[in-house]
Amino acid sequence: MTGLVLGARMRPLFAFVVFAGIGLVPTAGAPVVHAQLKMTTYQLVMLRKGPAAGTASTPAGQAVLKEHVSYLYTLAADGVAMVAGPFTDGGEIQGIIFMKAPSPEKALEIEAADPAVKAGVFTAEALPFMSPEGWFGPWAAFGSFETLYFGFLNKGPNRAHDAATAKRLQGEHLAYMDGQSKEGKLVVAGPFMVDTDRRGIVVYRVASMDEARSRAGADPMVKEGRLAVELHPWQVPTGAIK
């Protein structure tokens, strides 16, 4: 994926969005969705290195990537791609797209028409996640980007807590995430709607990876080892995330 600011904007009851990320099932005492928040399921599309990834640096590969970027901006204009951009750390996951699509299968069908996927530069995988509507905006013209810090909330190494401890950690986790949102530092979060080792996502708008790592690491669930955060620098079009 080729390279493609909010201040402290408060997002009420943000904690609900990350609830399922801790791997617990809602109970009678769990947070509820505030009436003013309309929850929606998006599809998170991960672009991984494909069998032809090595061609990306060639003239032909660069032409394919230019078409890939054009395709994503067309999806954004059509209201299908909410935000998209590359991870700039050079790992196996090359980039992320948030799609408004009814199912992972439909998202993959859409992404199959991406010139870079057709050429084998990328392969695509999709997972559904839940998040409130209204957090995404129109993309600025190509060339205007910001770097955010995207984190997968994964199952941590210590998940043997008793029910009382897990409940306490849940409350501390939700309160911490809500505070980060109110500071304007945590700008997107949501649980995956399928049971995998990846429990949810967080996106930080902060000055550096060190700050993102520090804030993510201060989450009580992460400190206790119930969750682990996998962070990546993520370059996205300005305006895509409000």
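The structure under discussion appears in the preceding block.
Anyway, here's the lowdown on the structure attached to this text. Each chain has its residues counted from 1, following the order in which its sequence is written. Reporting of local features is limited, given that this is a predicted model, to residues whose pLDDT is at least 70; pairs of side-chain atoms are given and counted only at 80 or more, and all residues count toward the totals for whole chains, interfaces and linings. Side-chain numbers here rest on the full set of heavy atoms in the structure, without hydrogens or water.

## A few points about the overall build of the protein
Logical step 1: Each helix is a run of DSSP H or I of at least 4 residues and each strand a run of E of at least 2, with the numbering of both proceeding from the N terminus. For the protein, the helix and strand inventory stands at 6 helices and 8 strands.
Logical step 2: The order of α-helices and β-strands along the protein, N terminus first, is β-α-β-β-α-α-β-β-α-β-β-α-α-β.
Logical step 3: Exposed residues in this analysis have more than 50% of their type's maximum accessible area, buried residues have under 20%, and partly exposed residues fall in between, with area computed by a 1.4 Å probe over protein chains only. The buried share of the protein, reckoned over its 242 residues, is 52%.
Logical step 4: Carbon and sulfur atoms provide 56% of the accessible area of the protein, an area that totals close to 10400 Å². Using a 1.4 Å probe, the Shrake-Rupley method yields the accessible areas, and only the shown protein chains count as cover for residues.

## Focus on the sheet that holds strand β1 (residues 39-49)
Logical step 1: Strands are labelled as partners when DSSP assigns at least two bridges between them. Pairing within the open sheet is antiparallel, and its 4 strands lie in the order β2-β3-β1-β4. The outermost strands of the open sheet, each flanked by one partner alone, are β2 (81-86) and β4 (122-132). Put simply, the sheet's adjacent strands are angled 20° from each other on average, direction ignored.
Logical step 2: As judged from the 6 bridges shared by β1 and strand β3 (residues 93-99), these two strands associate in the antiparallel manner. Within β3, the position partnered with L47 by the bridge is G95.
Logical step 3: Whether two residues touch is decided by their heavy atoms; if any such pair falls within 4.5 Å, the residues are in contact. Axis definition: a line fit to C-alpha positions, over the contact stretch in the case of helices; interaxial angles, taken between N-to-C directions, run 0 to 180 degrees. Strands in contact with helix α1 (residues 59-77) are β1, β2, β3 and β4; relative to β2, the strand with the most contacts, it is inclined by about 155°.

## Let's talk about the sheet that holds strand β6 (residues 186-191)
Logical step 1: Read across the sheet, 4 strands follow the order β6-β7-β5-β8 without closing on themselves; strand pairing throughout is antiparallel. Looking at which strands have only one partner, the edges of the open sheet turn out to be β6 and β8 (227-237). Each adjacent strand pair in this sheet contributes to an overall mean axis angle of 20°, direction not counted.
Logical step 2: In this structure, β6 lies alongside strand β7 (residues 198-204), joined through 5 bridges in antiparallel fashion. In the sheet register, G190 faces β7, and the bridge partner there is I201.
Logical step 3: Here helix α5 (residues 209-217) sits on the sheet in contact with β5 (145-155), β7 and β8, set at roughly 145° to β8.

## A short note on the nonpolar core
Logical step 1: If you look at the biggest cluster of nonpolar residues, it comprises 50 residues, and the most contacted ones within it are I96, F98, F150 and W234.
Logical step 2: For this core, the element with the most residues is α1, which contributes 8 residues.
Logical step 3: Excluding its chain neighbours within four sequence positions, the residues that come into contact with F150 are L44, F87, I96, F98, I201, V202, V203, E230, L231, H232 and W234.
Logical step 4: As used here, the term nonpolar core means buried Ala, Val, Leu, Ile, Met, Phe, Trp, Tyr and Cys residues forming a set that is joined through side-chain atoms within 4.5 Å. Judged by nonpolar contacts, the second largest core, of 16 residues, contains L153, L169, Y204 and L231.

## Notes on the side chain of Q43
Logical step 1: The topology assignment puts Q43 in strand β1.
Logical step 2: Polar contacts here mean pairs of N or O atoms no more than 3.5 Å apart (in protein, one a potential hydrogen donor and the other a potential acceptor; neighbouring residues in sequence count only if both atoms are side-chain atoms). A polar side-chain atom of Q43 sits 3.2 Å from the main-chain carbonyl oxygen of A101.

## Notes on the environment of L231
Logical step 1: Of note, L231 is situated in strand β8.
Logical step 2: Relative accessible area serves as the criterion here: at 16%, L231 is assigned to the buried category.
Logical step 3: Sequence separation between L231 and F87 is 144 residues; the distance between their C-alpha atoms is 9.8 Å.
Logical step 4: Leave out the neighbours within four places in its chain, and L231 touches D89, F150, G151, M209, A212, R213 and A216.

## Re α1
Logical step 1: By definition here, a helix of n residues has an expected span of 1.5 Å times n minus one. Over its 19 residues, α1 extends 27 Å from the first C-alpha to the last, a length consistent with the 27 Å expected when each residue adds 1.5 Å.
Logical step 2: Once α1 finishes, G79 follows within two positions and takes phi at roughly 80°, a positive value.

## Remarks on α5
Logical step 1: Turning to α5, its buried residues number three or more, namely M209, A212, R215 and A216. Along the axis of α5, the buried residues cluster in a sector spanning 130°; they form a single face.
Logical step 2: If you follow the buried residues of α5, they end up packed against β5, α4 (163-182), β7, α6 (220-223) and β8. An arc is given here, and it is the one of the directions from the helix axis to the C-beta atoms.

## Considering the pairing of β6
Logical step 1: Counting buried residues along β6, 6 of its 6 residues qualify, which places the element largely inside the surrounding structure.
Logical step 2: Hairpin geometry of β6 and β7 is characterised by an intervening segment of 6 residues between the two adjacent antiparallel strands.

Functional significance is not addressed by these values, which are geometric in nature.
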